[in-house]
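Structural description and commentary
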Amino acid sequence: TKKYILAKHFIGEPKLTDFKLVEEELPKLEEGEILCESLWLSVDPYMRKYTDFQMEGTVMPGGVVARIAESRDPEFPKGRYVAAYFGWRTRTIYNTREENKSIYPKPYLLPDFGDLPLSLGLGVLGMPGITANFGFLEVCEPQPGETVVVNGAAGAVGSIVGQIAKIVGCRVIGFAGSDAKVKWLKEKLRFDAAYNYKTTKISDALREAAPKGVDCFFDNVGGAFSNEVFRRMNTKGRVCVCGAIAGYNAGFENVLVPMVQPYILSKELKVQGFIVWNHASRWLQAIQENMRWINEGKIVSEETITEGFENAPKAFIGMLRGDNIGKAVVQI
Ligand code: NDP
């Protein structure tokens, strides 16, 4: 069994030398335990922040889709697939009777995906897709005809937010970090407008694409970018604060931006955070809804796949740099 540990806390952008690959022997299975072989590993932005609070030498956090290779719990039969927060490990023994003390949901059996790939259990049919579904629909409360802005738009969460916004009849404006991503958003995902935030002034883009202002803002980025959108929000607009990736590598204390409170105040904006872990009891509901939309052709899902467990650090660093279109996953 192989696992990646956090060898050194990240300073700025993570480096390959911050990770260490370690081998481990697993004991024999006890009653109530299952042995899971990870098939897919997820690399996500939250790992960049959460590792600040874990000890060096401990396993990298992360979600996997795994096959139950051996089971001593009839509720988790051999051969079935689970989604679980086992971390960056190739194989894991899990005691199904143990109380879950982590912030992450307990391992759960994947519902039948039909012909869809299992890896989607880490993307649109897993944590990021659930975030998009609940975060957008329940926090932004979009109405047909409204104008929606999403940043990180070509990523795992943003690409699904934009498509759900289209499903509910909104106009969608997306921002992403390359021309190829912008083209994909407009041509494949049918965004009404999309811009490369690295080469376009946000204020110019919004003046052009949202002349009547913005009603819903799904914010994955934070910082200076978000300020520009706050300035263009309509009265009673809703903002879902989902992520703040502009500060993950840079450090939150180093991102210095003008005040947004005057806009929140004068436009009576509703600004609400969202944490997907806090909605674990309802995850299956969002997975089923997203799956229905995929099967109806209303959601297109894309993945950027890195081959080989050894390459997980590269995949993670690349995702933070914006190398991925759609969900970044590692095939183990
Ligand atoms: P993505 O698939 O979107 O990958 C991260 C993307 O962020 C990169 O591809 C890159 O795309 C973009 N990015 C990196 N640095 C910057 C920057 N400085 N400014 C703007 N964009 C940047 O990841 P996810 O969809 O998994 O996550 C998106 C956001 O949602 C993150 O902030 C994450 O923390 C948050 N999140 C929050 C959850 C919650 O419960 N609150 C749950 C899941 C995710 P580009 O080329 O466009 O720069």
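Counting starts from 1 at the beginning of each chain's written sequence and moves along it residue by residue. Two thresholds apply to this predicted model, a pLDDT of at least 70 for residue-level local features and 80 or more for giving and counting side-chain atom pairs, whereas whole-chain, interface and lining totals are computed over all residues.

Note on conventions: DSSP H or I runs of at least 4 residues are helices, E runs of at least 2 residues are strands, and numbering of each starts at the N terminus. Summing up its helical and strand segments, the protein has 9 helices and 15 strands in all. For the protein, the spread of C-alpha atoms along the principal axes amounts to about 65 × 45 × 35 Å. Residue burial is a threshold on neighbouring C-beta atoms within 10 Å of the residue's own C-beta, all placed from the backbone, with 20 or more meaning buried, 12 or fewer meaning exposed, and counts in between meaning partly exposed. In the protein, which comprises 332 residues, the proportion classed as buried is 45%. We call two residues in contact whenever the C-beta atoms placed from their backbones are within 7 Å. A separation threshold of at least 6 residues defines the contact pool for the protein, and within that pool the share at least 24 residues apart is 67%.

A word on the domain arrangement of the protein. In many reports, interface size means the accessible area that the parts give up when they come together. The domains assigned to the protein are domain 1 (2-123 + 301-331) and domain 2 (127-276). Distance from the C-alpha centre of domain 1 to the C-alpha centre of domain 2: 28 Å. We call Asp, Glu, Lys and Arg charged. Ala, Val, Leu, Ile, Met, Phe, Trp, Tyr, Cys and Pro are nonpolar, and the rest, Gly among them, are polar. Considering only residue class, the side of domain 1 that touches domain 2 consists of 3 nonpolar, 6 polar and 5 charged. Segmentation of the chain into domains, including their bounds, is taken from an automatic or database domain assignment.

Let's shift gears to the pairing of strand E12 (residues 233-241). Strand pairing requires that DSSP identify at least two bridges connecting the strands. The sheet contact formed by strand E11 (residues 214-219) and E12 spans 5 bridges and is parallel. Within E12, the residue paired with Val214 across the bridge is Met233. For the crossover from E11 across helix H6 (residues 223-231) to E12, the handedness is right-handed. As paired strands, E12 and strand E13 (residues 270-273) are joined by 4 bridges and run parallel to one another. When the bridges of E13 are listed, Cys240 appears paired with Gln272. You can see the chain leave E12, run along helix H7 (residues 261-266) and come back into E13, and the turn it takes is right-handed. By convention, a crossover is right-handed whenever its connection, traced from the first strand over the helix to the second and viewed with the strands pointing away, goes clockwise.

UniProt positions are given in the numbering used here, feature names are shortened, and annotations may be inferred rather than shown by experiment. Under the present numbering, the feature "domain: Enoyl reductase (ER)" (unreviewed entry) in UniProt falls on residues 12-330. Structurally, residues 12-330 is divided into 27% helix and 24% strand, and its ends, taken at the C-alpha atoms, are 23 Å apart.

One turn of an α-helix holds 3.6 residues; hence residues three or four places apart share an orientation. For helix H4 (residues 179-187), every residue scored as buried is listed here: Lys181, Val182, Trp184 and Leu185. Across the axial projection of H4, the buried residues extend over an arc of 160°, all falling on one side. Exposed side of H4, more than 90 degrees from the buried face: Ala180 and Glu187 are the residues found there. Close packing links the buried residues of H4 with helix H3 (156-167), strand E9 (171-176) and strand E10 (193-196). When we speak of the arc, we mean the arc of directions from the helix axis to the C-beta atoms.

Bringing the packing of helix H2 (residues 127-140) against H3 into the picture now. Direction vectors running N to C along H2 and H3 enclose 45°, while the axes themselves pass 8 Å from each other. When the axes of H2 and H3 are compared, the pair comes out oblique. In terms of crossing hand, the pair formed by H2 and H3 is right-handed. On H3, the residues touching Pro128, Gly129, Thr131, Ala132, Asn133, Phe136 and Leu137 of H2 are Ala156, Val157, Ile160, Val161, Ile164 and Ala165. In the contact of H2 with H3, the residues fall into 10 nonpolar, 3 polar and no charged. Axis definition: a line fitted to C-alpha atoms, over the contacting stretch in the case of helices. Angles run 0 to 180 degrees between N-to-C directions. Here the angle decides the label: under 35 degrees means roughly parallel, over 145 means roughly antiparallel, 65 to 115 means roughly perpendicular, and every other value means oblique. Rotating anticlockwise by less than a right angle from the far helix to the near helix defines a left-handed crossing, while the corresponding clockwise rotation defines a right-handed one.

For the rest of this paragraph, the subject is H2. Under the convention used throughout, the expected extent of a helix is 1.5 Å for every residue step, that is, one less than its residue count. For H2, spanning 14 residues, the distance from its first C-alpha to its last is 18 Å, which sits close to the expected 20 Å at 1.5 Å a residue. Burial analysis of H2 places 12 of its 14 residues in the buried class, the great majority of the element. Looking at H2, one finds that the buried residues are Met127, Pro128, Gly129, Ile130, Thr131, Ala132, Asn133, Phe134, Gly135, Phe136, Val139 and Cys140. The elements touched by buried residues of H2 are H3, E11, E12, E13, helix H8 (283-295) and strand E15 (327-331). Of the residues flanking the end of H2, it is Glu141, one or two places downstream, whose phi is positive at about 40°.

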